[in-house]
Amino acid sequence: MQVSWSFMRAYEACPYQQKLIRIDKLGPEKPDERRFIRGTAGHKVFEIWAKSSFGDGMKPEMAAKIFDTLVAQKHIGWLNPSDKEKMRNRVIAEAAMLMEAVRYHGIDRLKNLQVESWLSASLLGEHVIKGLLDVVIDGGTWLLETKMSDNQKWIDPDQLVFYGLLLTLAKNRYPSRLSFFLPVMRRVEERLLDIDFSQDDFGRINNRIQNFVDKWTAGEFPATGEGETCRWCEVKNYCIKRKPSHKNRFIFPTII
Ligand code: SF4
């Protein structure tokens, strides 16, 4: 079994949803990319700019080109053509915020910086944990997770601890610093956010992964989703919670 942070989080939010999508294959063939295109474009802007050693800055036309290329690759359609223009303008504005934050926090001066590294490591011999690490500095002493979003809900320190554990297992390298980089979310001086963590947190996340693996392999799939999880659920039409219960059904009186 392969465990990513997003898979484990999605299972914890609603096990039944993950069963419908991953075992019964009832989800859409492709997720609705429109929801993610801004964040994906922002990450791509950072990746391409970082891989050119942050030379020349990120020009608006480069950010626009990255956005247009992604839209074409992912075959994204727009109900209203002006929506695409608005989204493109936001990506350009956010690329400018990213540039300001990179320069302010000196990320462009860091040496030995790896961007977008896929890592996987075995857990208990038969399971694998995996993830895409945004920025790894000095071979893993410092991990940086970039959030190109303005939604606070994506800041979860456990995600960084999960990646830190992954790095420790994959490279035998214990990170000394774990940080979020938030170019869009906060004032420029607060856009680099270190989290507090200790060895105990690695043990706690390890237990959380074990717990998830045990429940998944035991076939525990209760429908526990609520709020936003249900609102955005791509398989809600198949959900057992939406079927009318016997209790609520109206029974017509029999006429003799
Ligand atoms: S609608 Fe809600 S409870 Fe039902 S499967 Fe989706 S997330 Fe789970």
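In short, a report on the structure. All of these numbers come straight from a predicted model, not from anything done at the bench.

Considerations on the nonpolar core
So, step 1. One finds Leu 143, Val 161, Phe 162, Tyr 163 and Leu 166 to be the most contacted residues of the largest nonpolar core, which totals 26 residues.
So, step 2. For this core, the secondary-structure elements that each account for two or more residues are helix H1 (5–13), strand E3 (127–137), strand E4 (142–146), helix H6 (157–171), strand E5 (177–181) and helix H7 (199–217).
So, step 3. Apart from residues no more than four positions distant in its own chain, Val 161 is found in contact with Leu 178, Phe 197, Asp 201, Phe 202 and Ile 205.
So, step 4. Trp 49, Ala 50, Val 91 and Ile 107 belong to the second largest nonpolar core, which has 18 residues in total.

Comments concerning the pairing of E3
In regular strands, side chains alternate between the two faces of the sheet.
So, step 1. Direction of pairing for strand E1 (residues 2–3) relative to E3: parallel, over a ladder of 2 bridges. Its bridge partner lying in E3, Val 3 is registered against Ile 129.
So, step 2. Where strand E2 (residues 113–123) and E3 come together, 10 bridges link them in antiparallel fashion. Note on E3: the bridge partner recorded for Ser 117 is Leu 133.
So, step 3. Between the antiparallel neighbours E2 and E3 lie 3 residues, among them Leu 124 with a positive phi of about 60°.
So, step 4. Note that E3 and E4 share 3 bridges and pair antiparallel.

Observations concerning unusual backbone geometry
So, step 1. Here Asp 56, not a glycine, exhibits a phi torsion of approximately 60°, which is positive.
So, step 2. The topology assignment puts Asp 56 in the loop between helix H3 (37–51) and helix H4 (60–73).
So, step 3. Residue classification places Asp 56 among the exposed positions, given that 9 C-beta atoms sit within 10 Å.
So, step 4. The phi dihedral of Asp 138 falls on the positive side, at around 50°, and the residue is not glycine.
So, step 5. By secondary structure assignment, the location of Asp 138 is in the loop between E3 and E4.

Focus: the packing of H4 against helix H5 (residues 81–104)
So, step 1. Interhelical geometry of H4 versus H5 gives an angle of 130° and a closest axis separation of 9 Å. With respect to each other, H4 and H5 are oriented oblique. Two packed elements cross with a definite hand, and for H4 against H5 that hand is right-handed. Two secondary-structure elements touch here, H4 through Pro 60, Ala 63, Ala 64, Phe 67 and Val 71 and H5 through Lys 84, Arg 88, Val 91, Ile 92 and Ala 95.

Describing the site of the ligand
So, step 1. Inspection of the region around the ligand gives Cys 14, Tyr 16, Gln 17, Ala 223, Gly 225, Thr 229, Cys 230, Cys 233, Val 235, Lys 236, Cys 239 and Lys 241 as its neighbouring residues.
So, step 2. Breaking the shell around the ligand down by element, the ones donating at least two residues are helix H2 (15–23) and helix H8 (227–231).
So, step 3. In the shell around the ligand, the residues fall into 7 nonpolar, 3 polar and 2 charged.

Definitions and limits used
- Residues numbered from 1 in each chain as written.
- Predicted model: local features only at pLDDT ≥ 70, side-chain atom pairs only at ≥ 80, totals over all residues.
- Core = buried A, V, L, I, M, F, W, Y, C linked by C-beta atoms within 7 Å.
- Buried ≥ 20, exposed ≤ 12 C-beta atoms within 10 Å, placed from the backbone.
- Helix = DSSP H or I, 4+ residues; strand = E, 2+ residues; numbered from the N terminus.
- Contact = placed C-beta atoms within 7 Å.
- Pairing = 2+ DSSP bridges.
- Axes fitted to C-alpha atoms, helices over the stretch in contact; angles between N-to-C directions.
- Parallel < 35°, antiparallel > 145°, perpendicular 65-115°, else oblique.
- Left-handed = near helix turned anticlockwise from the far one by under 90°.
- Near = placed C-beta within 6 Å.
- Nonpolar A, V, L, I, M, F, W, Y, C, P; charged D, E, K, R; others polar.

In short, the description is geometric, and any link to function would need to be established separately.
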